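Listed here are the chains, written in short residue letters.
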Amino acid sequence: IREKPDIWIIRGEFNMLIKLREMLDTVKRELMVAIPILPETLVETIYPILVHLRDMGVKILVMVSKNVDQKNIERISAVAEIRVRDRMFGGGIIANGREAVLLLGEEERPNLVIWSSHMGLVKFAKDYFHYLWNTAENP
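Nothing here was measured: the structure is a model prediction, and the numbers come from that model.

A.B. asks: Can you help me understand the nonpolar core in this one?
C.D. replies: Nonpolar side chains in soluble globular proteins tend to be buried together. Residues Leu31, Leu53, Ile60, Val62, Val64 and Ile76 are the most contacted members of the largest nonpolar core, which totals 33 residues. Counting residues per element, this core draws most heavily on helix H2 (residues 40-55), at six residues. Here Leu31 is in contact with Leu24, Leu50, Leu53, Val58, Lys59, Ile60, Leu61, Ile93, Ile94 and Ala95, once residues within four sequence places are set aside.

What follows is the structure, given as structure tokens:
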């Protein structure tokens, strides 16, 4: 049986942000975020969204690399459970265990963004996130 999974390659920062916003608008239970960098501008953008999700009862897990500014880690830890790792190769977001965005490429700017609602790929992403999470440290 040949399957036609829903997998998209997303090009361009604007298109990526639109897709991420769509995902965040549908989160009801759990949000897992692995992001190697967390600049102040990104924290300012996502913080109100994370506060809203937390207030709705969404479980939020955020994993970052150790080189992220401690001030930004502390701010995000006010609304999410956060862990740090020595190094991260790419990142991603998993919403409700039903859809995933994989950010691949350079830490500063991903050059390949893949979105999928294919259950096999999402399960793999979620299992890998938990593996990294369980080997990460509390900040």
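Now, onward.
A.B. asks: Got a minute to help me understand the pattern of salt bridges in this structure?
C.D. replies: One side chain can pair with another of opposite charge once the charged atoms of both are near each other. Throughout the structure, instances matching the rule amount to 10 salt bridges. Salt-bridge contacts for Arg83 lead to Glu81; the nearest nitrogen and oxygen are separated by 3.8 Å. Across the pair Lys123 and Asp127 runs a salt bridge, and its minimum N-O distance is 2.7 Å. Within this pair, Lys123 and its partner Asp127 are both found in helix H4 (residues 119-134), separated by four residues, close to a single helical turn. According to the relative accessible area criterion, Lys123 is exposed, its value standing at 51%. The class for Asp127 is partly exposed, based on a relative accessible area of 40%. A single salt-bridge network, built from bridges that share partners, covers Lys66, Asp86 and Glu137.

A.B. asks: How should I be thinking about the side chain of Lys19 in this particular structure?
C.D. replies: Tracing the backbone through its elements, the reader meets Lys19 in helix H1 (residues 13-26). Judged by its relative accessible area of 9%, Lys19 is buried. Each residue touching Lys19, except ones within four places of it in the same chain, is listed here: Trp8, Ile10 and Trp115.

A.B. asks: Explain the packing of H2 against helix H3 (residues 70-77) to me, please; I cannot follow it from the model alone.
C.D. replies: Think of two packed helices as two axes; the pair is described by the angle between the axes and how far apart they sit. Where H2 meets H3, the axes come as close as 10 Å, and the angle between the chain directions of the two elements is 5°. With respect to H3, the element H2 is oriented roughly parallel. Between H2 and H3, the contacting residues are Glu40, Val43, Glu44, Ile46, Tyr47 and Leu50 on the first element and Lys71, Asn72, Arg75 and Ile76 on the second.

A.B. asks: Explain the environment of Glu30 here, please?
C.D. replies: With respect to the helices, strands and loops of the structure, Glu30 is situated in strand S2 (residues 30-35). At a separation of 3.4 Å, a polar atom in the side chain of Glu30 contacts the side chain of Lys126.

A.B. asks: What am I meant to see in the environment of Gly120 here?
C.D. replies: Within the secondary structure, Gly120 is located in helix H4. Along the sequence, Gly120 and Ile10 sit 110 residues apart, while their C-alpha atoms lie 19 Å from each other.

A.B. asks: How should I be thinking about the environment of Lys28 in this particular structure?
C.D. replies: Mapped onto the fold, Lys28 is located in the loop between H1 and S2. Residues Lys28 and Glu137 lie 109 residues apart in sequence; the distance between their C-alpha atoms is 26 Å. Leave out the neighbours within four places in its chain, and Lys28 touches Val58 and Asn96.

A.B. asks: Sorry, what's going on with the packing of aromatic side chains here?
C.D. replies: Scanning the model with the defined rule gives four aromatic pairs in all. Seen in terms of ring centroids, Tyr128 and Tyr131 are 6.4 Å apart; in terms of plane orientation they differ by 20°. Their pairing is stacked. Pair noted here: Tyr128 and Tyr131 are both in helix H4, with a separation of three residues, about one helical turn. Exposure remark for Tyr128: the relative accessible area of 45% places this residue in the partly exposed category.

A.B. asks: For this particular structure, what's the right way to read the side chain of Ser116?
C.D. replies: Topologically, Ser116 is positioned in strand S7 (residues 110-116). We classify Ser116 as buried; its relative accessible area is 1%. Engagement of the side chain of Ser116 in a polar contact is seen with the backbone oxygen of Asp6, the distance being 3.0 Å. Within the structure, the side chain of Ser116 is placed 2.9 Å from the backbone nitrogen of His118, a separation counted as a polar contact.

Rules behind the numbers
Residues numbered from 1 in each chain as written. Predicted model: local features only at pLDDT ≥ 70, side-chain atom pairs only at ≥ 80, totals over all residues. Heavy atoms only, no water. Core = buried A, V, L, I, M, F, W, Y, C linked by side-chain atoms within 4.5 Å. Buried < 20%, exposed > 50% of the residue type's maximum accessible area, 1.4 Å probe, protein only. Helix = DSSP H or I, 4+ residues; strand = E, 2+ residues; numbered from the N terminus. Contact = heavy atoms within 4.5 Å. Salt bridge = Lys/Arg side-chain N within 4 Å of Asp/Glu carboxyl O. Axes fitted to C-alpha atoms, helices over the stretch in contact; angles between N-to-C directions. Parallel < 35°, antiparallel > 145°, perpendicular 65-115°, else oblique. Polar contact = N/O pair within 3.5 Å; in protein donor to acceptor, adjacent residues only side chain to side chain. Phe/Tyr/Trp six-rings, centres within 6.5 Å; stacked < 30°, edge-to-face > 60°.

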